[in-house]
Amino acid sequence: MEQKDILQRIYDIVVDRRENPKEGSYTNYLFDKGIDKILKKVGEETAEVIIGAKNPGKDEVVYEISDLLYHLTVLMVEKGVVWEDLYQELESRYKK
Ligand SMILES: N=c1c2ncn([C@@H]3O[C@H](COP(=O)(O)OP(=O)(O)OP(=O)(O)O)[C@@H](O)[C@H]3O)c2ncn1[C@@H]1O[C@H](COP(=O)(O)O)[C@@H](O)[C@H]1O
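Described in the following lines is the structure provided in the data block. Values in this document were obtained by computation on a predicted structure and should not be read as measured data.

This paragraph deals with the site of the ligand. Near the ligand, the surroundings consist of Ile13, Arg17, Ser25, Tyr26, Thr27, Tyr29, Lys37, Lys41, Glu45, Asp67, Tyr70 and His71. Between the ligand and Tyr29, the relevant distance is 2.6 Å, taken from an oxygen atom to a side-chain nitrogen or oxygen of the residue. In isolation the ligand has 840 Å² of accessible area, and contact with the protein removes 57% of it. Of all the elements in the fold, those that place two or more residues in the shell around the ligand are α1 (6–19), α2 (26–33), α3 (35–54) and α4 (59–79). Partitioned by chemical class, the residues of the shell around the ligand number four nonpolar, three polar and five charged.

Right, let's get into the packing of aromatic side chains. The full count for this structure, using the stated rule, is three aromatic pairs. One aromatic cluster is present, formed by Tyr26, Tyr29 and Tyr70 through successive ring pairs.

Remark: α1 packs on α2, axes separated minimally by 9 Å, with the N-to-C direction vectors making an angle of 60°. Considering the angle they form, α1 stands oblique to α2. Helix-helix and strand crossings are classified by hand; for α1 and α2 the assignment is right-handed. Counted together, Val14, Arg17 and Arg18 of α1 and Thr27, Asn28 and Phe31 of α2 form the full contact between these two elements. Here the contact of α1 with α2 is composed, by residue class, of two nonpolar, two polar and two charged.

To continue, consider the side chain of Glu45. On the secondary structure map, Glu45 appears in helix α3. The class for Glu45 is buried, based on a relative accessible area of 5%. Glu45 has contacts with Glu64, Asp67, Leu68 and His71, leaving out every residue within four places of it along the chain.

This part is about a nonpolar patch on the surface. Side chains of Ile65, Leu69 and Leu72 sit close together on the surface and give an oily, nonpolar patch of about 200 Å² of accessible area. Assignment of secondary structure puts Ile65 in helix α4. A relative accessible area of 37% places Ile65 in the partly exposed class.

The rules behind each value
- Residues numbered from 1 in each chain as written.
- Predicted model: local features only at pLDDT ≥ 70, side-chain atom pairs only at ≥ 80, totals over all residues.
- Heavy atoms only, no water.
- Near = heavy atom within 4 Å.
- Polar contact = N/O pair within 3.5 Å; in protein donor to acceptor, adjacent residues only side chain to side chain.
- Areas by Shrake-Rupley, 256 points an atom, 1.4 Å probe, with all protein chains shown as cover.
- Helix = DSSP H or I, 4+ residues; strand = E, 2+ residues; numbered from the N terminus.
- Nonpolar A, V, L, I, M, F, W, Y, C, P; charged D, E, K, R; others polar.
- Phe/Tyr/Trp six-rings, centres within 6.5 Å; stacked < 30°, edge-to-face > 60°.
- Axes fitted to C-alpha atoms, helices over the stretch in contact; angles between N-to-C directions.
- Parallel < 35°, antiparallel > 145°, perpendicular 65-115°, else oblique.
- Left-handed = near helix turned anticlockwise from the far one by under 90°.
- Contact = heavy atoms within 4.5 Å.
- Buried < 20%, exposed > 50% of the residue type's maximum accessible area, 1.4 Å probe, protein only.
- Patch = residues over 30% accessible without salt bridge, like charges linked within 9 Å, V, L, I, M, F, W, Y side chains within 5 Å.
- Salt bridge = Lys/Arg side-chain N within 4 Å of Asp/Glu carboxyl O.

Listed below in structure tokens is the structure:
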């Protein structure tokens, strides 16, 4: 069985949480609070990436980028954006 990309698996679980809310789910907490809360978290996590990147070593920035990617995924689901939209956009810019 082919293992799906972790970014797509996170996307799928976020969609599943929206369709089948689960007790104690942080994703459902974000959806319940709404778009302003999701955008606030994207802003906060972006700032944490910047601070993490200023510090030596890469562990902190890996952790903070992961937080940001999760919150961006929640934003994508909220806005109806799928990974394929991003792949197409990035492909269209790609020059060899
Ligand atoms: N990847 C993540 C992920 N990354 C970070 N986080 C949560 O994001 C939150 C960020 O922490 P913060 O301290 O900034 O925020 P907070 O103080 O908890 O809350 P607020 O500031 O939002 O009020 C933490 O609660 C983390 O647990 C995540 N929560 C969920 N996922 C994925 O989503 C899936 C579903 O999770 P649930 O929705 O919780 O079931 C999981 O299996 C994971 O794959």
